[in-house]
Amino acid sequence: MWGSLWPLLLSLLTATAVPGPSSRRPSRELDAIPRMTIPYEELSGTRHFKGRVQNYSTLLLEEDSGKLLVGARGALFSLNAEDIGDGTHKEIRWEASPEMQNKCHQKGKNNQTECFNHVRFLQRLNATHLYTCGTHAFQPLCAAIDSEAFTLPATFEEGKEKCPYDPARGFTGLIIDGGLYTATRYEFRSIPDIRRSRHPHSLRTEEAPMHWLNDAEFVFSVLVRESEASPVGDDDKVYYFFTERAAEEGSGSFAQSRSSHRVARVARVCKGDLGGKKILQKKWTSFLKARLICHIPQYETLRGVCHLDAGTSAHTRFYAAFTLTTQWKTLEASAICRYDLAEVQAVFSGPYMEYQDGVRRWSRYDGGVPEPRPGSCITDSLRSRGYNSSRDLPSMVLDFVKLHPLMARPLIPTRGRSLLLKHSVRYTHLTGIPVTTPSGHTYDLLFLGTADGWIHKAVVLGSGMHIIEETQVLREPQSVENLVISPTQHSLYIGTPSGVIQLPLSSCYRYRSCYDCILARDPYCGWDPSICGCVVTTTLANRCQMSRTALIQDIERGNRGCEGSRDTAPPPPLKTRSVLRGDDVLLPCDQPSNLARALWLLNGSMGLNDGQGGYRVGVDGLLVTDTQPEHSGNYGCYAEENGLRTLLALYSLTVRPVTPAPAPQAPAAPGSQLTPDVRLLYVLAIAALGGLCLILASSLLYMACLRGGPRGRRRKYSLGRAGRTGGSAVQLQTVSGQCPGEEDEGDDGEGPGGLEAPPPPPPAELTNGLVALPSRLRRMNGNSYMLLRQSDNGVAAGPCSFAEELSRILEKRKHTQLVEQLDESSV
Ligand SMILES: *[C@@H]1O[C@H](CO)[C@@H](O)[C@H](O)[C@H]1NC(C)=O
Ligand SMILES: *[C@@H]1O[C@H](CO)[C@@H](O)[C@H](O)[C@H]1NC(C)=O
Ligand SMILES: *[C@@H]1O[C@H](CO)[C@@H](O)[C@H](O)[C@H]1NC(C)=O
Ligand SMILES: *[C@@H]1O[C@H](CO)[C@@H](O)[C@H](O)[C@H]1NC(C)=O
Ligand SMILES: *[C@@H]1O[C@H](CO)[C@@H](O)[C@H](O)[C@H]1NC(C)=O
């Protein structure tokens, strides 16, 4: 099975990787499982905006005016951030003329995809104007837009210094104090560069005698205000994240792929840089770059970066999403790493690398370093020594800067390892927000967009991450292009090729019980015992302090706090099943959480094991095959998660003897003798079918891996059974699933999980449950649980939907065995 091979392969890769951060860890951590899965059909509270154009990839949120500004292909939009779909939007059509498009096509560019005006840049310029740039059919243009009138100006500015020609190129840009800081590959020749324009001192990177940037693809840039409250009078800095061809690599087994090997980088420049006077004239004097490492350095590609701070730059941290791809491209995974600004600063104050002409390779530079330290910003101590700006720096320093742009130490993630590893997923973008809970703790909440249209919402917990939920926001598998958070609107805006989507930051109401609410570990959700509901913590800001502190949350461990709460509700209604001896019955019980394990108890105490006594335990129900009178009793279905046990469903099963009525079966005498054999045959057939499905499933999985393409809605999770409750000190405890509803009032006599004294049975149901198979089919397998999502039209997903096959066989068998006789209980 590839599922089990994966961790092995990964650890193997990690073991051979140099100089990778150590990552020996339990295999369970090698693939994070989102707790909840919300498919497209179950989405709620979303809003959509879609114009007549494509590629909604540039987003700018203006919280003060409540506007979400969007740059797309051939158009700009101003949307109402409160509800982007309310129809009050403004639009600017900004397209490349047909002549421009023809010229572009003649230059050999694709007139179906590239020869349009893709808006790549949209930022606030000043109080009245926005600034925007578009690729304009390979002739970039920029314009200042009056944000009130929201119309294009009469004149445009030349854009080739500010915007890429190619719409698919990595690009990042900022406006800082009126100056434009852009990084991309410019012009037709595609030279990578970090530039400052629209500024009295325009600057760029150095190209001779060595390129400071090699074939760089830019991902992200951010201004960090390090001057604020700096005791040494430090300057603000702009950080750039990108990938580029590695010049310094080329040792050991990876030497042969040296030319094509790309690495992730972080670079920085000082905002106050004015360039040199004679040397490095109009060039950055503060450019430094360092290697960025996450999980398996040789196989990772940087996809997205976000930065979070809590008001001060001292606590600034970066989160980066990488995809891991092996040479064979058969296995794909994503990793998330965190980097603290303090560590970034330490790397940039560390040793430099130097290119040795003789051996033609980069190695650590151990010689003397001139003063002031090359690449540093102008600080108070430099000013006191007469260096008022970078133009005053000595030639020796600038000459050193020119030849030593690369730092020797790589930037390794906080705590030396990745926060999260997820296989079969390609993250394309991420954003995050620090969320302060009513108790005063702050947690970083990240939203990760995938290449196939899903959003993963995850909370950072110490050295790891917990994926609270995965949400399918696009029906068709399309890439998430951009993500922006509005705390004011409590919304996440998602830029995609086909439109913009507005998603609530939390959907706490989905959690129906106190335990469900805390198991979710969503920092935005807390259980309010006074109203008996899982509520959004931030909306309580206006309420009195008492009710805020009374909210129950346990983000750290996700299982404490509900013990004393009054939500000891009666068990779910008892359902009655009545079957004939020898028949099969399915007791459906859907586990809402992907992290829960199904547990079935008979008569309140006896735990049922899969494959024993005719029981098959699946994540979507219990199958009792070949029922015998001793199978009669009360069945309780529980979810075991994080040390807690929740009652989900209760069944009362009655197995009645087959009345010795003359059956229409012809071979009466040998029939009774044959039955065990027939049964054996069925069991064998089922086993064989299961085996076949396993083979099919693994080969399908393998093929899916080989194709590597989007797999649409299909999600697969396998949960090993071993070590499930490891690490949790909390005792397993049975808790009730529901809060007392209106009709359940006055039922206080029953304790949690009151199996011993079930409420009077409601009218029984006729079927044996097989027709009521949940749409989420999960394989019933003794060793592992696997979820195979069925497509929505009810057609089985692939040839190996075991449960469906099984149900068909059982249905058939039922018809042959059952005489036309209704259950008494159903009459
Ligand atoms: C624009 O969207 C289309 C799909 O609608 C996609 O194929 C194409 O790659 C996108 N182009 C860019 C530059 O994102
Ligand atoms: C692209 O160019 C081809 C060949 O010149 C032409 O036939 C086609 O109509 C053009 N498509 C668009 C969308 O302009
Ligand atoms: C903002 O910039 C635009 C374009 O450069 C300029 O016309 C306008 O006067 C500026 N507005 C203010 C308030 O500075
Ligand atoms: C730096 O600025 C100070 C005060 O403005 C001035 O006295 C000094 O001459 C300047 N030094 C240089 C090298 O320009
Ligand atoms: C469970 O209880 C039912 C009746 O309450 C009884 O008939 C059955 O034998 C019991 N089963 C076991 C395994 O104890």
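Residues numbered from 1 in each chain as written. Chains lettered and ligands numbered in written order. Predicted model: local features only at pLDDT ≥ 70, side-chain atom pairs only at ≥ 80, totals over all residues. Heavy atoms only, no water.

### Looking at helix α3 (residues 341–348)
Part 1 of the argument: Of the residues making up α3, those classed as buried are L341, V344, V347 and F348. The buried residues of α3 occupy one face: seen down the axis, they fall within an arc of 120°.
Part 2 of the argument: Its buried side turned inward, α3 meets β14 (217–224), β15 (237–245), β16 (262–270), β17 (288–292), β19 (317–325) and β20 (332–340). (Buried < 20%, exposed > 50% of the residue type's maximum accessible area, 1.4 Å probe, protein only. Helix = DSSP H or I, 4+ residues; strand = E, 2+ residues; numbered from the N terminus. Arc of directions from axis to C-beta. Contact = heavy atoms within 4.5 Å.)

### What about the sheet that holds strand β38 (residues 621–624)?
Part 1 of the argument: Strand order in this open sheet of 3 strands is β34-β38-β37, and the pairing throughout is antiparallel. Only two strands of the sheet have a single neighbouring strand rather than two, namely β34 (585–588) and β37 (615–618). For this sheet the average axis-to-axis angle between neighbouring strands, irrespective of direction, equals 15°.
Part 2 of the argument: Pairing of β37 with β38, which is carried by 4 bridges, proceeds in the antiparallel orientation. What sits directly across from G618, in β38, is G621. (Pairing = 2+ DSSP bridges. Axes fitted to C-alpha atoms, helices over the stretch in contact; angles between N-to-C directions.)

### Considering the packing of aromatic side chains
Part 1 of the argument: As enumerated under the stated definition, the model contains 18 aromatic pairs in all.
Part 2 of the argument: Measuring from ring centre to ring centre gives 4.9 Å for F49 and F77, while their planes differ by 65°; the resulting arrangement is edge-to-face. One end of the pair, F49, is in strand β2 (residues 47–49); the other, F77, is in strand β5 (residues 75–80), and 28 residues separate them in sequence.
Part 3 of the argument: Accessibility expressed as a relative area gives 0% for F77, which makes it buried.
Part 4 of the argument: The structure contains a cluster of three or more aromatic residues connected by ring pairs, namely F220, Y239, F241 and F318.
Part 5 of the argument: The ring of F116 carries R73 above its face, with NZ or CZ at 3.5 Å from the centroid.
Part 6 of the argument: Between R268 and the ring centre of F348, over which it is positioned, the NZ or CZ distance is 5.4 Å. (Phe/Tyr/Trp six-rings, centres within 6.5 Å; stacked < 30°, edge-to-face > 60°. Lys NZ or Arg CZ within 6 Å of the ring centre and 35° of its normal.)

### Remarks on the pairing of strand β9 (residues 141–146)
Part 1 of the argument: Sheet analysis places strand β8 (residues 129–134) next to β9, joined by 6 bridges and oriented antiparallel. Across the sheet, the residue bridging to Y131 is A144, located in β9.
Part 2 of the argument: Counting the residues in the hairpin turn of β8 and β9 gives 6 residues, including H136, whose phi is positive at 50°.
Part 3 of the argument: Across 2 bridges, β9 lies against strand β10 (residues 157–158) in antiparallel orientation.

### Focus on the site of ligand 5
Part 1 of the argument: For ligand 5, the full set of nearby residues is L602, N603, S632 and G633.
Part 2 of the argument: When ligand 5 sits alone it has 360 Å² of accessible area, and the protein chains cover 41% of it. (Near = heavy atom within 4 Å. Areas by Shrake-Rupley, 256 points an atom, 1.4 Å probe, with all protein chains shown as cover.)

### Quick look at the confidence of the model for the protein chain
Part 1 of the argument: Scored by pLDDT, the protein chain has a mean of 78; 72% of the residues are at 70 or more.
Part 2 of the argument: Mean pLDDT across the elements of the protein chain bottoms out in strand β44 (residues 784–789) (28) and peaks in strand β29 (residues 491–496) (98).
Part 3 of the argument: Note that pLDDT drops below 50 for residues 736–805; the model gives that stretch 164 contacts with residues more than four away or on any other chain.
Part 4 of the argument: With pLDDT under 50 throughout, residues 808–827 is counted as low confidence; its partners more than four residues away or in other chains account for 30 contacts. (pLDDT = per-residue confidence, 0-100.)

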